[in-house]
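One letter stands for each residue in the lines below.
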Amino acid sequence: MSYTVQENYRGWEITIRCSHISSKVGHPSRYTAVAEAELEPAEDPSAWVDPRMQVLTTGGRSFPSGDECIGLLLSEAKQLIDALRR
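As the structure is a prediction and not an experimental result, all values here were calculated from the model.

Caption draft 1: Up close: the packing of aromatic side chains. Applying the stated criterion to the full structure yields one aromatic pair. Seen in terms of ring centroids, Trp 12 and Trp 48 are 5.4 Å apart; in terms of plane orientation they differ by 90°. Their pairing is edge-to-face. Taken together, the residues Trp 12 in strand 2 (residues 12–21) and Trp 48 in the loop between strand 3 (30–39) and strand 4 (54–57) connect sequence positions 36 residues apart. Of the two residues examined, Trp 12 and Trp 48, each falls in the buried class. The residue whose ring lies beneath Arg 85 is Trp 48, and the NZ or CZ to ring-centre distance is 4.8 Å.

Encoded structure:
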């Protein structure tokens with residue numbers, strides 16, 4: 001099972017794609033995700049240190065629920081956007 005979540009934050013559109021990781025029979029399900037943050041067209045690129053699309057992943061981390069996975073990556077994407085503001 002995989003699903004996509006979108007949220008706008010401070011002039012950026014964040015898209016998170018969460019995916020179920022295949023696991024062995026009898027093992028609990030795990031989830032991982034990839035996030036893309038793209039500056040919205042109406043935003044001034046000069047207000048940002050790096051206005052290019054930003055990509056984040058959960059890396060080697062996996063989570064027991066999709067909601068937990070998305071919540072953590074969304075939080076990290078927002079922290080990155082805050083750090084990019086001039």
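Having put the structure on the table, let's press on.
Caption draft 2: Inspection of the pairing of strand 1 (residues 2–9) at higher detail. Sheet topology places strand 1 next to strand 2; eight bridges connect them, and they run antiparallel. Residue Ser 2 lies in a different strand from strand 2, and its bridge partner there is Ser 19. With antiparallel pairing between neighbouring strands as the criterion, strand 1 and strand 2 make up a hairpin whose turn holds two residues, including Arg 10 at a positive phi of roughly 50°.

Caption draft 3: Layout of the environment of Glu 76. Here Glu 76 shows up in helix 1 (residues 66–84). Judged by its relative accessible area of 23%, Glu 76 falls in the partly exposed class. Here Glu 76 is in contact with Leu 56 and Arg 61, once residues within four sequence places are set aside. Engagement of the side chain of Glu 76 in a polar contact is seen with the side chain of Arg 61, the distance being 2.9 Å.

Caption draft 4: Highlighting the sheet that holds strand 4. Strand order across the open sheet formed by four strands is 1-2-3-4, with antiparallel pairing between neighbours. Taken across any chain shown, the strands that pair with only one partner, and hence form the sheet edges, are strand 1 and strand 4. Neighbour-to-neighbour, the strand axes of the sheet open up by a mean angle of 15°, direction not taken into account. Sitting on the sheet, helix 1 is in contact with strand 1, strand 2, strand 3 and strand 4, with an inclination near 150° to strand 2.

Caption draft 5: View of the environment of Gly 66. Tracing the chain through its elements places Gly 66 in helix 1. For Gly 66, a relative accessible area of 7% corresponds to the buried category. Not counting the four nearest positions on each side in its chain, Gly 66 is found in contact with Tyr 3, Cys 18 and Tyr 31.

Caption draft 6: Expanded view of the nonpolar core. Core analysis: the largest hydrophobic core is formed by 20 residues, its most contacted members being Trp 12, Ile 14, Ile 16 and Trp 48. Only strand 2, strand 3 and helix 1 provide two or more residues apiece to this core. The element that contributes the greatest number of residues to this core is helix 1, accounting for seven residues. For Trp 12, the contacting residues outside a window of four places in its chain are Glu 7, Ala 37, Glu 38, Leu 39, Glu 40, Trp 48, Asp 50, Pro 51, Arg 52, Gln 54, Ile 81 and Leu 84.

Conventions adopted
- Residues numbered from 1 in each chain as written.
- Predicted model: local features only at pLDDT ≥ 70, side-chain atom pairs only at ≥ 80, totals over all residues.
- Heavy atoms only, no water.
- Phe/Tyr/Trp six-rings, centres within 6.5 Å; stacked < 30°, edge-to-face > 60°.
- Helix = DSSP H or I, 4+ residues; strand = E, 2+ residues; numbered from the N terminus.
- Buried < 20%, exposed > 50% of the residue type's maximum accessible area, 1.4 Å probe, protein only.
- Lys NZ or Arg CZ within 6 Å of the ring centre and 35° of its normal.
- Pairing = 2+ DSSP bridges.
- Contact = heavy atoms within 4.5 Å.
- Polar contact = N/O pair within 3.5 Å; in protein donor to acceptor, adjacent residues only side chain to side chain.
- Axes fitted to C-alpha atoms, helices over the stretch in contact; angles between N-to-C directions.
- Core = buried A, V, L, I, M, F, W, Y, C linked by side-chain atoms within 4.5 Å.

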